[in-house]
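Remarks on the overall topology
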Amino acid sequence: MAVDVSKLVITEVAQITAFNNAGELEFIMDEVQNGSISNTQEKADITGRNGRKIASLKRNKAVTVTATNGLLVGGALAAQTGTEVENGTFNVRVTDVMVVKDNTCKTSKIAVGAAGDEIGTIYVKNANGSLGAKIEQDAAAADGKFKYDPATQEITVSGIADGTELVAFYDVEVEAAKISNESDKYSKVLKLYIDVILRDTCDMEYAGQVIIQRADVSGEFELSLGGENFAHSFTAESLAGGCSGSTNLWDLIVYGVN
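What counts as what
- Counting restarts for each chain, with residues numbered from 1 along the sequence as it is written.
- Predicted model: local features are reported for residues with pLDDT of at least 70 only, side-chain atom pairs are reported and counted for 80 or more only, and whole-chain, interface and lining totals are derived from all residues.
- With hydrogens and water stripped out, all remaining heavy atoms of the structure feed into the side-chain values.
- Per the convention used, a helix needs a DSSP run of H or I reaching at least four residues, while a strand needs a run of E reaching at least two, with both numbered from the N terminus.
- Radius of gyration here is computed from C-alpha atoms only, and the compact-globule reference equals 2.2 Å multiplied by the residue count raised to the power 0.38.
- When a residue's accessible area, from a 1.4 Å probe over protein chains only, is under 20% of the maximum for its type it is buried; when over 50% it is exposed; and in between it is partly exposed.
- Between two residues, a contact is recorded if the distance between any of their heavy atoms is within 4.5 Å.
- By the counting scheme adopted, Arg and Lys are positive, Glu and Asp are negative, and His together with the chain ends is not counted.
- Charged side chains are reduced to one point each, which is NZ for Lys, CZ for Arg, CG for Asp and CD for Glu.
- Residues grouped as a nonpolar core are buried Ala, Val, Leu, Ile, Met, Phe, Trp, Tyr and Cys residues, joined through side-chain atoms within 4.5 Å.
- Two strands are said to pair when DSSP picks up at least two bridges between them.
- Helix axes are fitted only over the stretch in contact, all axes being lines through C-alpha atoms; the angle between N-to-C directions runs from 0 to 180 degrees.
- Under the rule applied, a polar contact is a pair of N or O atoms within 3.5 Å (in protein, one hydrogen donor and one hydrogen acceptor; residues adjacent in sequence only if both atoms are side-chain atoms).

Here's the deal with the overall build of the protein chain
Per the secondary structure count, the protein chain includes one helix and 15 strands. In terms of overall dimensions, the protein chain is more spread out than a globule: its C-alpha atoms have a radius of gyration of 29 Å, far above the 18 Å expected for 258 residues. C-alpha atoms of the protein chain, sized along the principal axes, occupy 95 × 55 × 40 Å. Expressed as a percentage of the 258 residues in the protein chain, the buried residues total 30%. Taking as baseline every contact in the protein chain between residues at least 6 positions apart, the subset at least 24 positions apart corresponds to 65%. Distance from the positive charge centre (22 side chains) to the negative charge centre (36 side chains) of the protein chain: 11 Å.

Digging into unusual backbone geometry
Here aspartate 102, not a glycine, exhibits a phi torsion of approximately 55°, which is positive. In this structure, aspartate 102 sits in the loop between β5 (86-99) and β6 (104-106). The backbone of glutamine 153 sits at a positive phi, close to 65°, despite the residue not being glycine. Relative to the elements of secondary structure, glutamine 153 occurs in the loop between β9 (145-149) and β10 (154-156).

Points about the nonpolar core
A general trend in soluble globular proteins is that nonpolar side chains are found buried together. Judged by nonpolar contacts, the single largest core of 23 residues is most densely connected at Ile16, Phe27, Met29, Leu192, Ile194, Ile212 and Phe234. Secondary-structure elements contributing two or more residues to this core are β1 (8-19), β2 (25-29), β4 (53-69), α1 (74-81), β12 (189-200), β13 (205-217) and β14 (232-238). Ignoring sequence-local partners within four residues, the contact set of isoleucine 16 consists of Phe27, Ile28, Met29, Val32, Ala67, Leu192, Tyr193 and Ile194. Counting residues in each nonpolar core, the second largest holds 18 residues, with Val100, Ile135, Tyr148 and Val172 among its members.

Re the sheet that holds strand β7 (residues 121-125)
Judged by pairing direction, the sheet is mixed, and its seven strands sit side by side in the order β5-β11-β7-β8-β9-β10-β6 without closing on themselves. Edge strands, defined here as strands with exactly one partner in the open sheet, are β5 and β6. Across the sheet, the axes of successive neighbouring strands diverge by a mean angle of 35°, strand direction being ignored. Pairing analysis gives three bridges linking β9 to β10, with the strands arranged antiparallel. Bridging from a neighbouring strand, aspartate 149 pairs with glutamate 154 of β10.

Considering the environment of asparagine 34
Relative to the elements of secondary structure, asparagine 34 occurs in strand β3 (residues 32-47). Along the backbone, asparagine 34 and isoleucine 119 are 85 residues apart, and their C-alpha atoms lie at a distance of 46 Å. Excluding anything up to four places from it in sequence, asparagine 34 contacts Thr66, Ala67 and Thr68.

Here we look at α1
α1 sits mainly inside the fold: seven of its eight residues count as buried. Restricting attention to buried positions, one finds in α1 the residues Gly75, Ala76, Leu77, Ala78, Ala79, Gln80 and Thr81. Looking at the buried residues of α1, the elements they touch are β2, β12, β13 and β14. Just beyond α1, the residue with positive phi is glycine 82, at close to 75°.

Some words on the pairing of strand β8 (residues 131-137)
Here β7 pairs with β8 via four bridges, running antiparallel. Bridged to isoleucine 122 within β8 is isoleucine 135. Where β7 folds back onto β8 in an antiparallel hairpin, the turn is made up of five residues, including glycine 129, whose phi is positive at roughly 95°.

Notes on the side chain of glutamate 26
Within the secondary structure, glutamate 26 is located in strand β2. Of the residues examined, glutamate 26 reaches a relative accessible area of 17% and is grouped as buried. A polar atom in the side chain of glutamate 26 sits 3.2 Å from the side chain of asparagine 20. If we skip the residues at most four places from it in the chain, glutamate 26 touches Ala18, Phe19, Asn20, Gly75, Lys188 and Leu190.

Shown next as structure tokens:
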């Protein structure tokens, strides 16, 4: 049965999925707060005698997709940076506050680095919260020197009063996912499927899908930091051409949900 598309409202963006040329899934955005598909074209007027407009030349259609997702999507971030999501063991830096007792204290995690220089420097925390005197790592504890044993996570100092707080900054190994933004790699071209929900004036719901065969993902994006609402912005431009030489910029398919 034919679907009447004359009186429809797009009420929701259900999700955006992206695939590479091999048909492999790159990412899913399913917490889309808002989005748009902007369509433009250039028009050049052709004038005749006395500057009268007698025709127009239309050209250079362009389509830009924008979306804001409420969650960080690693695959989308990798597409924007032109890299891949890597899973493995990586180093991250931690801040550790320790309390001295009997000239010893322990790190909360195992510091990693060159043997004998895993931490390098620790700082005495002043009463006002600022960091004061430096204590350097060495093979043995002495005045201004400390010893660190990664096996026991124990720090040994000399001449430091009980209750003194020491602050250390050091690297630890974590099992993690990593996405890099490298200066010589650029955003990807992917195939996008944008699933939407539509409703007509009789409150009948329909499903719709916008298909963009070649979406040039923009490397310009924003990740909001802090605040009440997180946002991962996403932009892509539809490209015509490709291997088949198609002129298609997008397709919208509307179908019944039942």
